[in-house]
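Summary of the model geometry
The residues making up each chain are set out below.
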Amino acid sequence: MASSGTRLTLEALSKRYGDGPPAVAAVSLDVAPGEFIGLLGPSGCGKTTTLRMIGGLTPSTSGRVMVGGRDVTTLPPHKRDMGIVFQSYALFPHMDVAANVAFGLEMRGLKRADIAGKVAQALDLVQLGALAHRRPRELSGGQQQRVALARALVIEPAILLLDEPLSNLDAKLREEMRAEIHDIQKRLGITTIFVTHDQAEALAMCDRIAVMEKGRVAQLGTPHDIYEHPASEFVADFVGRSNRIAAEAGADGVIRLGEHRVRSAAPVPAGPVTVMIRPHRVGFDGAEGDGWNICPGVVRRVTYVGDMLACEVEVGGGIVVVERPTQPGTALPAVGDGVRVSWRVSDTLVFPR
Amino acid sequence: MRLSALLLGPVLLVNLLTFLAPVLNLASLSFNEARPGGGIGPGPTLATWADLLADPYYLELVTSSVGVAAMVTVGTLLAGYPLALFIHRASARWRNLLMVACISPLLVSAVVRTYGWMVILGDNGIVAAALRWLGMAKPPRMVFNLTGVAIALVEILMPTMILCLLAGFGRLNVALEEAAASLGAPPWRVLLRVVLPLSMPGVLLGCLLAFVLTVSSFITPKLLGGGRVILLATEIYDQAIVTLNWPVAAALSVLSLAVFGAALLLYGRILRIVEA
Ligand SMILES: Nc1ncnc2c1ncn2[C@@H]1O[C@H](COP(=O)(O)OP(=O)(O)OP(=O)(O)O)[C@@H](O)[C@H]1O
Ligand SMILES: [Mg+2]
């Protein structure tokens with residue numbers, strides 16, 4: 001059941017409920033055939049609403065949805081040819097697993113024999129062949145999720161829409177399903193939109209991520225772009241962990257962090273700024289030289305988390321968390337120690353405050 | 001478990017005294033022989049039952065009662081289902097209002113509602129007048145026949161049906177309908193394949209009640225039927241009050257209980273299939 005992939009384009013898609021602020025405001029997105037795009041953002045930022053507008057389940061207030069160059073904005077969902085996996089799975093409780101998966105094929109008027117073959121194939125794909133005659137309520141959460149996935153995939157939709165499909169699973173199963181969904185999507189080459197509020201999930205699975213903030217796309221880019229070059233403080237804060245320190249930037253591009261002076265690779269607007277540094281990119285042993293920012297500080301707290309040691313160091317009036325992998329034989333800093341924290345100039349993110 | 005049995009005690013006792021005892025009394029009465037003029041002969045004898053079962057009139061009475069009840073049940077379901085679905089889907093505020101509006105006819109006695117239908121459906125009623133105005137020279141007769149009885153019974157039973165349906169809509173879920181639509185099902189197929197199967201418990205319960213209430217309905221067929229629509233309950237009344245043949249009335253009562261029992265069995269059977 002290989003799908004060649006279809007282009008999906010959103011043009012200034014908007015949704016306003018009542019007369020409050022828009023739930024989705026002019027979201028534009030161009031999804032290449034076979035691409036796996038993540039919609040990432042905090043609760044209430046409009047991810048589900050965007051997905052539902054793409055699927056035709058919620059009418060849009062303005063804007064267009066194009067599938068393969070065709071405008072489907074006003075098409076009802078049953079004519080859109082999209083597979084949707086709902087957060088609640090929405091499996092039909094009165095049908096067994098096989099009937100659930102067969103439903104979409106029956107609606108397409110396939111012959112009985114063809115349906116049986118495709119259903120068996122789809123269930124094998126998600127490794128549920130043995131449970132074909134169970135009812136949904138007799139399945140575990142992970143199994144239900146895979147049935148929902150098989151049901152959406154078996155119709156070979158032009159677009160696959162996933163709304164937080166992993167959020168009901170425990171951590172271990174979630175990681176397994178992550179890999180499984182990723183593999184299946186790549187194998188079938190289906191253009192996919194994946195909604196999640198879990199940044200690790202988005203980074204691990206998606207070709208590109210659209211980070212959403214209050215109904216808008218705050219940044220669109222590859223996981224690497226989003227993580228290394230966040231476009232705003234919001235993105236830097238939402239994706240990955242970071243130290244935030246209030247600082248002042250001068251017209252000369254030098255940033256004053258208390259009594260210390262640090263630099264950033266990117267040009268910095270003069271005025272009050274927030275300096276952000278990823279905790280694992282800070283160390284105590286930075287080489288002297290142009291490429292590094294080095295500040296003296298005092299260790300205030302040390303937290304041992306097994307594979308990692310988190311040291312909170314007071315630097316220039318702020319606290320910088322330094323994460324170091326624990327290794328036998330390395331001297332560990334103690335509370336009260338004077339240390340020199342260092343990080344690369346290129347790892348210094350600066351945003352106007 | 002023992003406490004619940006104890007709590008059930010009073011209800012069981014009351015039911016024993018007020019339901020089971022009279023029913024047993026009736027049943028035993030059907031094994032007496034009728035004497036002309038309302039007398040009751042000594043028993044036990046199978047004479048009444050033998051007469052009853054040999055007379056094709058009574059067989060037809062039972063089959064026509066069941067037939068009319070089935071027709072009225074289907075009519076009530078068809079009329080009530082869309083309304084119930086609409087009420088179920090309304091916003092919380094409207095839902096309560098619509099529920100009250102739907103159930104309020106229960107506050108008016110069936111006698112009054114039947115007379116209301118006699119006025120509406122009568123030869124000079126608004127329905128006939130409307131049909132005449134639309135150009136129909138001779139509108140069909142709608143009172144003192146089965147048509148009127150069926151229309152009135154459907155209306156009278158609708159609140160009950162709607163309540164049953166609403167109680168059975170618990171498993172309906174908009175997400176399931178959306179899932180079906182996303183899989184390519186147009187609205188009518190969503191209704192047939194998802195909504196209807198999921199609401200079957202309510203449908204079955206509503207049908208059971210509508211059926212039983214029709215078979216035992218008395219006032220509406222009596223008044224609107226004009227003596228031409230004879231159901232089990234009206235016949236029992238005639239036998240007991242007009243003909244003064246108590247053993248036959250008792251036997252017919254037992255027969256109608258048997259019909260109810262059969263309906264209940266069928267209900268249980270179908271419900272098990274639906275819920276499996
Ligand atoms: N049916 C509705 N009526 C009114 N407001 C709504 C409706 N659905 C969503 N909203 C509002 O629209 C905004 C976006 O909701 P949406 O469900 O898209 O968020 P989300 O990003 O999916 O959040 P979550 O991660 O919690 O699922 C929210 O502020 C929400 O309150
Ligand atoms: Mg959501």
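So, on to the overall build of chain B. A tally of regular secondary structure across chain B gives 13 helices and two strands. With respect to the three principal axes, the spread of C-alpha positions in chain B is 70 × 70 × 35 Å. Among the 276 residues that make up chain B, the fraction classed as buried is 41%. Accessible area of chain B: about 15100 Å², with a carbon and sulfur share of 74%. Once the 16 positive and 11 negative side-chain charges of chain B are each reduced to a mean point, those two points are 11 Å apart.

We now examine the pairing of strand β11 (residues 243–249) of chain A. Residue and element names in this part refer to chain A. Alternating residues of β11 divide into Asn 243, Ile 245, Ala 247 and Ala 249, all buried, and Arg 244, Ala 246 and Glu 248, none buried. With seven bridges joining them, β11 and strand β14 (residues 271–277) adopt antiparallel strand pairing. Bridging across to β14, Glu 248 finds its partner in Pro 272. As paired strands, β11 and strand β12 (residues 255–257) are joined by two bridges and run antiparallel to one another. Across the sheet, Glu 248 pairs through a bridge with Arg 256, a residue of β12. Two successive antiparallel strands, β11 and β12, enclose a turn made up of five residues, where Gly 253 displays a positive phi of approximately 90°.

This part covers the domain arrangement of chain A. Residue and element names in this part refer to chain A. When its domains are assigned, chain A resolves into domain 1 (8–234) and domain 2 (242–352). The C-alpha centroid of domain 2 is placed 39 Å from the C-alpha centroid of domain 1. Facing seven residues of domain 1, the contacting portion of domain 2 comprises ten residues. Interface area, domain 1 with domain 2, both sides summed: about 660 Å², of which 45% is carbon and sulfur. Considering only the side of domain 1, the residues that lose the most area to domain 2 are Tyr 227, Glu 228 and Glu 233, jointly responsible for 79% of the buried surface there.

The next subject is the site of ligand 1. All names here are of chain A. Taken together, the neighbourhood of ligand 1 is formed by Tyr 17, Ala 23, Pro 42, Ser 43, Gly 44, Cys 45, Gly 46, Lys 47, Thr 48, Thr 49 and Glu 164. At 2.7 Å from an oxygen atom of ligand 1 is found a main-chain nitrogen or oxygen belonging to Gly 44. Compared with its free state, where it exposes 630 Å², ligand 1 has 56% of that area covered by protein. Its residues assigned to classes, the shell around ligand 1 shows four nonpolar, five polar and two charged.

If you look at the interface, chain A gives 23 residues, while chain B gives 19 residues. When chain A packs against chain B, close to 1900 Å² is buried across both sides, 62% of that on carbon and sulfur atoms. On the chain A side of the interface with chain B, the three residues burying the most area are His 78, His 94 and Met 107 of chain A, jointly 32% of the side's total. Where Arg 52 of chain A meets Glu 178 of chain B, a salt bridge forms, and the shortest distance between an N and an O atom there is 2.6 Å.

Residue and element names in this part refer to chain B. Look at helix α3 (residues 56–89): 49 Å from first C-alpha to last across 34 residues, which is about the 50 Å you get at 1.5 Å a residue. Residue Gly 80 marks the point of greatest curvature in α3, where the axis turns by about 30°; the proline Pro 82 follows within four residues. Of the residues flanking the start of α3, the one acting as N-cap is Asp 55, its side-chain oxygen 3.0 Å from the backbone nitrogen of Tyr 57.

The next thing to look at is the layout of surface pockets. The gaps left among the atoms become clear once a water-sized probe is rolled over them. All names here are of chain B. Volume-wise, the largest pocket comes out at about 290 Å³. Every element with two or more residues in the lining of the largest pocket is listed here: α8 (174–182) and α9 (187–198). Residues that form the lining of the largest pocket fall into these classes: nine nonpolar, one polar and three charged.

Attention now goes to empty space enclosed by the protein. Residues and elements named next belong to chain A. In the structure shown here, the tally under the stated rule is two cavities of 30 Å³ or more. By volume, the largest cavity is sized at about 50 Å³. In terms of lining residues, the largest cavity is bounded by Tyr 227, Glu 228, Arg 278, Arg 281, Ser 346, Asp 347 and Leu 349. Within the lining of the largest cavity, the residues separate by chemical class into two nonpolar, one polar and four charged.

Residues and elements named next belong to chain A. Spatial ordering of the open sheet is given by β6-β7-β8-β3-β9-β10, a layout of six strands whose pairing is mixed. Each edge of the open sheet carries a strand with a single partner, namely β6 (82–85) and β10 (216–221). Averaged over neighbouring strand pairs, the angle between their axes works out to 15° when direction is ignored. Note that strand β9 (residues 208–213) and β10 share five bridges and pair antiparallel. Bridge pairing in β10 links Glu 213 to Arg 216. In the packing of helix α4 (residues 141–153) onto the sheet, the strands contacted are β6 and β7 (159–163), and the crossing angle to β6 comes to about 175°.

The biggest cluster of nonpolar side chains holds 121 residues, and the ones touching the most others in it are Leu 8, Phe 92, Phe 103 and Ile 193 of chain A. If you tally residues by element for this core, the top one is helix α7 (residues 146–167) of chain B, at eleven residues. Those residues in contact with Phe 103 of chain A that lie beyond four places of it in its chain are Phe 92 and Met 95 of chain A together with Ala 180, Leu 183, Ala 185, Arg 193 and Val 194 of chain B.

Our focus in this paragraph is the packing of aromatic side chains. All names here are of chain A. Tallied over the entire structure, the rule returns seven aromatic pairs over all chains. Ring geometry for Phe 92 against Phe 103: centres 4.8 Å apart, planes inclined by 50°, an arrangement best described as tilted. Note that Phe 92 is positioned in the loop between β6 and α2 (97–107) and Phe 103 in helix α2, a separation of eleven residues in sequence. Taking the relative accessible area as the measure of exposure, Phe 92 reaches 0% and is therefore buried. Residue class for Phe 103 comes out buried when judged on its relative accessible area of 0%.

The rules behind the values
- Residues numbered from 1 in each chain as written.
- Chains lettered and ligands numbered in written order.
- Predicted model: local features only at pLDDT ≥ 70, side-chain atom pairs only at ≥ 80, totals over all residues.
- Heavy atoms only, no water.
- Helix = DSSP H or I, 4+ residues; strand = E, 2+ residues; numbered from the N terminus.
- Buried < 20%, exposed > 50% of the residue type's maximum accessible area, 1.4 Å probe, protein only.
- Areas by Shrake-Rupley, 256 points an atom, 1.4 Å probe, with all protein chains shown as cover.
- Lys, Arg positive; Asp, Glu negative; His and termini not counted.
- Charge placed at Lys NZ, Arg CZ, Asp CG, Glu CD.
- Pairing = 2+ DSSP bridges.
- Domains from an automatic or database assignment.
- Contact = heavy atoms within 4.5 Å.
- Buried area = accessible area lost by both parts, 1.4 Å probe.
- Near = heavy atom within 4 Å.
- Polar contact = N/O pair within 3.5 Å; in protein donor to acceptor, adjacent residues only side chain to side chain.
- Nonpolar A, V, L, I, M, F, W, Y, C, P; charged D, E, K, R; others polar.
- Salt bridge = Lys/Arg side-chain N within 4 Å of Asp/Glu carboxyl O.
- Expected span 1.5 Å × (residues − 1).
- Bend = angle between axes of the 7 residues up to and from the residue.
- 1 Å grid on protein atoms, 1.4 Å probe; cavity = no way out; pocket = protein on both sides within 12 Å on 5 of 7 lines; lining within 4 Å.
- Points joined across faces, edges and corners; volume = space filled by probe spheres on them.
- Axes fitted to C-alpha atoms, helices over the stretch in contact; angles between N-to-C directions.
- Core = buried A, V, L, I, M, F, W, Y, C linked by side-chain atoms within 4.5 Å.
- Phe/Tyr/Trp six-rings, centres within 6.5 Å; stacked < 30°, edge-to-face > 60°.

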